[in-house]
Amino acid sequence: MTAAQTPTTYPGARAPDRTRRVDAFGVEIAVVEWGDAEAPPVLFAHGGFDFARTFDVFAPLVADAGWRVVAWDQRGHGDSEHAALYSWESDLRDAAMVLDSTTTDAVPVVGHSKGGAMMLRLANTWPHRISRVVNLDGVPSGNRMPDLAETERTRMLDEELTGWLDHRRRVAGRQRRPGTISELGERRGLMNPRLDAAWLEYLVTVGARRDPDGWRWKIDPQLRFGGFGPWRPEWSLRSIATMACPLLAVLAGQEELLGWGTLPEDVEPYAQPGTRFEMLDDAGHFVHIEQPARVAALVLEFLA
Amino acid sequence: MITWLTHAKVRLALHTLRPAADGGDGGGADGAGKPLLLLHPLAMSSPATLPPEVAAWPHAVHALDFTGHGSSTVPAGGGYTAETLMADVDTALVHLGPATLCGAGLGAYVALLIAGARPQLVRGAILRDGPGLAGGSPSPTSTVIRPPDPGATSTPDPFALAELSQDVRPPDYATAYVRQALHLSGLEHPVSVCAVARPDWLAAVVAEPGVVCSDLDAALRRYA
């Protein structure tokens, strides 16, 4: 592919103004920033299988309103180091290291999907360091727990466990499948069916690397979607009840593969007085990518 | 003798404490005899020699050092889960073939997980007392962002201690693995509990069909 065929632009997308690295106990975390370095900071946490540059349209809208937007690639994602081990706790610790490297004051945080759930935990873990939380379609509810017969549950869990262990048996030394920009964009489109092809191809140019035999997503091949583990969605709801700072929860009305299908009434019993809910009926899980101006306006109003 | 195994980015040490009579690993479907695989407690490692309490096992005996323990790799930056250690054991089972597991403490919990996840390869899981048997509470407590011990220079990895002593263990998560083992292993008693301590997850396991409580000698005879 020639340079002329490489779409390096997308309407409204802007590369970060600064990049830096944070050492999270031996794992290098890539940090990017938009906006004036002296402006008050706000942390942006991406979702699972995403990376910081998925904020290339959304973050500049917030930065241009007078904020220093600090985002990072979670371990194994984007430009951060591929770690040997991955866990919820280590992601939370890495996030704390990024926060520490940014400021010792309390900061507002914005998190999408898994990143939003992580920020709810961080607000409980370091209550004195988090001043506000914006959660973008990252409040899991129990809605998706299917009511299955025991034999069916056994079969499904067996498939999950076998699939995950089989993946780990063959992952050593593996690389992601190479392809053209449009092929990688199409592959990502399977997970992001509501996002337009031009955006997905733009993401390839910032989230994949160009090898001699084609483009490869930078994400660690060791990472895999998995549906098992001791974690329960209601634990995130409990985090909402116990956190000490104000919360804005933006929920997507359009259900899709990666979304939680969480409704305001699922969360309201756990919400503290003053919690703000914004249900975007016409948006899917990636609310800030589908409607960046609208979500940025909500965030800026909440942070003001 | 140590056999080095690769699990993703980690090198695992599998110790042979008693070789098979034919000199091989003692596994596989050739009827050479089922190997016994020992899984150590939290912060411990494989024994250097055959422990007398399992000497009655009539076949080969091996012991695995979990990630961050013993002679296995200490990865940077932590990120331990019991599920990752379960996959450590799966790596050993690829090498050994079907085996009986004898786990103590954390190793007992991991033995239960892999017994449910690879029911065709685990020919009985024996759960014993030891450090890390309890794990964390049944649901998350206040998380502590733990810095590692700056004085640590070798195994056990301080991150392993911090993370694997606090991993969440809901009782119904543990019993899901018992049910997988019971339904899919073909064994009448896929899990034998020899532990006296009964944290919530283990108390729930003991109450499940297919789980039998006995002393270690009886458990070894059951699967030999």
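As a starting point, this report considers the structure included with it.

### Points about the overall build of chain B
Across its full length, chain B carries 6 helices and 8 strands. Ordering the α and β elements of chain B from the N terminus gives β-β-β-β-α-β-α-β-α-α-β-α-β-α. Relative to the 2.2 N^0.38 estimate, which gives 17 Å for 224 residues, the radius of gyration of chain B is 16 Å and therefore close to what a compact globule would have. For the C-alpha atoms alone, the extent of chain B along its principal axes is close to 50 × 40 × 30 Å. Taken over 224 residues, chain B has a buried fraction of 54%.

### Points about the interface of chain B and chain A
A common measure of how large an interface is: the accessible area buried when the components associate. Taken together, the contact between chain B and chain A spans 35 residues of the former and 31 residues of the latter. Mapped onto the side of chain B that touches chain A, the elements with two or more residues apiece are strand E1 (2–7), helix H1 (82–96) and helix H4 (171–185) of chain B. At 6 residues, the largest contribution of residues to the side of chain B that touches chain A is made by H4(B). Of the residues assigned to the side of chain B that touches chain A, the class counts are 16 nonpolar, 12 polar and 7 charged.

### Brief notes about the nonpolar core
Residues and elements named next belong to chain B. Formed by 150 residues in total, the largest nonpolar core has its most connected members in Leu 101, Val 110 and Leu 112. A per-element tally of this core places helix H2 (residues 106–117) first, with 10 residues. Once you skip the residues sitting within four places of it in the chain, Leu 112 turns out to touch Ala 125, Leu 127, Ala 174, Tyr 177, Val 191 and Val 205.

### Re the environment of B:Leu12
Residue and element names in this part refer to chain B. Mapped onto the fold, Leu 12 is located in strand E2 (residues 10–18). Residue class for Leu 12 comes out buried when judged on the 24 C-beta atoms lying within 10 Å of it. In sequence terms Leu 12 and Ala 104 are 92 residues apart; their C-alpha atoms lie 18 Å from each other. Not counting chain neighbours up to four residues away, the residues in contact with Leu 12 comprise Leu 5, His 7, Leu 64, Asp 65, Thr 67, Ser 72, Asp 88 and Thr 91.

### Re the sheet that holds strand E3 (residues 36–39) of chain B
Residue and element names in this part refer to chain B. As summarised here, the arrangement of the 8 strands in space is E1-E2-E4-E3-E5-E6-E7-E8, forming an open sheet in which the pairing is mixed. A strand with exactly one partner marks an edge of an open sheet, and here the two such strands are E1 and strand E8 (211–213). Mean inter-strand twist for the sheet, computed between neighbouring axes without regard to direction, equals 25°. Pairing of E2 with strand E4 (residues 61–64), which is carried by 4 bridges, proceeds in the antiparallel orientation. Bridge pairing in E4 links Thr 16 to His 62. Seen against the sheet, H1 touches E1, E2, E3, E4 and strand E5 (99–104) and runs at an angle of roughly 120° to E1.

### Focus: the packing of helix H5 (residues 181–191) of chain A against helix H6 (residues 197–207) of chain A
All names here are of chain A. Remark: H5 packs on H6, axes separated minimally by 8 Å, with the N-to-C direction vectors making an angle of 115°. Taken together, H5 and H6 sit at an angle that is classed as roughly perpendicular. Our pair here, H5 against H6, has a crossing hand that is right-handed. Together, Ile 181, Ser 182, Leu 184, Gly 185, Arg 188 and Gly 189 of H5 and Ala 197, Leu 200, Glu 201, Leu 203, Val 204 and Thr 205 of H6 make up the contact between the two elements. In terms of residue class, the contact of H5 with H6 is built from 6 nonpolar, 4 polar and 2 charged.

### Notes on the pairing of strand E1 (residues 18–24) of chain A
Residue and element names in this part refer to chain A. Both E1 and strand E2 (residues 27–34) contribute to a ladder of 7 bridges, which runs antiparallel. Paired with Asp 23 across the bridge in E2 is Glu 28. In sequence, E1 turns back onto E2 through a hairpin of 2 residues, with Phe 25 there showing a positive phi of about 55°.

### Considering the sheet that holds strand E4 (residues 68–72) of chain A
All names here are of chain A. Across the sheet, 8 strands lie side by side as E1-E2-E4-E3-E5-E6-E9-E10; this open sheet has mixed pairing. Of all strands in the sheet, those bounded by a partner on one side alone are E1 and strand E10 (276–280). Looking at each pair of strands side by side, their axes are set apart by 20° on average, direction ignored. Two strands pair when backbone bridges link them, and strand E5 (residues 107–112) and strand E6 (residues 130–136) are joined in this way by 6 bridges, in the parallel orientation. Note on E6: the bridge partner recorded for Val 107 is Ile 130. Where helix H10 (residues 292–303) meets the sheet, it contacts strand E3 (41–45), E5, E6, strand E9 (247–252) and E10, and its direction lies at approximately 160° from that of E6.

### Concerning the environment of A:Gln254
Residues and elements named next belong to chain A. Of note, Gln 254 is situated in the loop between E9 and helix H8 (264–267). The spatial distance from the C-alpha of Gln 254 to the C-alpha of Thr 54 is 20 Å, given a sequence separation of 200 residues. Filtering out sequence-adjacent residues up to four positions away, Gln 254 remains in contact with Asp 282, Ala 283 and Gly 284.

### A few points about unusual backbone geometry
A cis geometry characterises the amide bond from B:Thr155 onward to B:Pro156, with omega recorded as 0°. Note on placement: B:Pro156 falls in the loop between strand E6 (122–128) and helix H3 (158–164). Despite not being glycine, A:Phe49 shows a phi value in the positive range, around 70°. Residue position: A:Phe49 is located in the loop between E3 and helix H1 (58–63). Classification of A:Phe49 by C-beta neighbours within 10 Å gives buried; the count is 21. Positive phi, close to 50°, is recorded for B:Ala8, a residue that is not glycine.

### Focus on the environment of A:Pro140
All names here are of chain A. Tracing the backbone shows Pro 140 in the loop between E6 and helix H4 (150–170). A tally of 25 C-beta atoms within 10 Å means that Pro 140 is categorised as buried. It is 8.5 Å that separates the C-alpha atoms of Pro 140 and Ser 113, two residues lying 27 residues apart in sequence. Ignoring sequence-local partners within four residues, the contact set of Pro 140 consists of Ala 117, Pro 233, Ser 236, Trp 260 and Thr 262.

### Here we look at the packing of H4(A) against H4(B)
Direction vectors running N to C along H4(A) and H4(B) enclose 100°, while the axes themselves pass 10 Å from each other. With respect to each other, H4(A) and H4(B) are oriented roughly perpendicular. Within the contact between the two elements, H4(A) uses A:Thr154, A:Leu157 and A:Asp158 and H4(B) uses B:Ala176, B:Arg179, B:Gln180, B:His183 and B:Leu184. Among the residues forming the contact of H4(A) with H4(B), the class breakdown is 3 nonpolar, 3 polar and 2 charged.

Rules behind the numbers
- Residues numbered from 1 in each chain as written.
- Chains lettered and ligands numbered in written order.
- Predicted model: local features only at pLDDT ≥ 70, side-chain atom pairs only at ≥ 80, totals over all residues.
- Helix = DSSP H or I, 4+ residues; strand = E, 2+ residues; numbered from the N terminus.
- Rg over C-alpha atoms; globule rule 2.2 N^0.38 Å.
- Buried ≥ 20, exposed ≤ 12 C-beta atoms within 10 Å, placed from the backbone.
- Contact = placed C-beta atoms within 7 Å.
- Nonpolar A, V, L, I, M, F, W, Y, C, P; charged D, E, K, R; others polar.
- Core = buried A, V, L, I, M, F, W, Y, C linked by C-beta atoms within 7 Å.
- Pairing = 2+ DSSP bridges.
- Axes fitted to C-alpha atoms, helices over the stretch in contact; angles between N-to-C directions.
- Parallel < 35°, antiparallel > 145°, perpendicular 65-115°, else oblique.
- Left-handed = near helix turned anticlockwise from the far one by under 90°.

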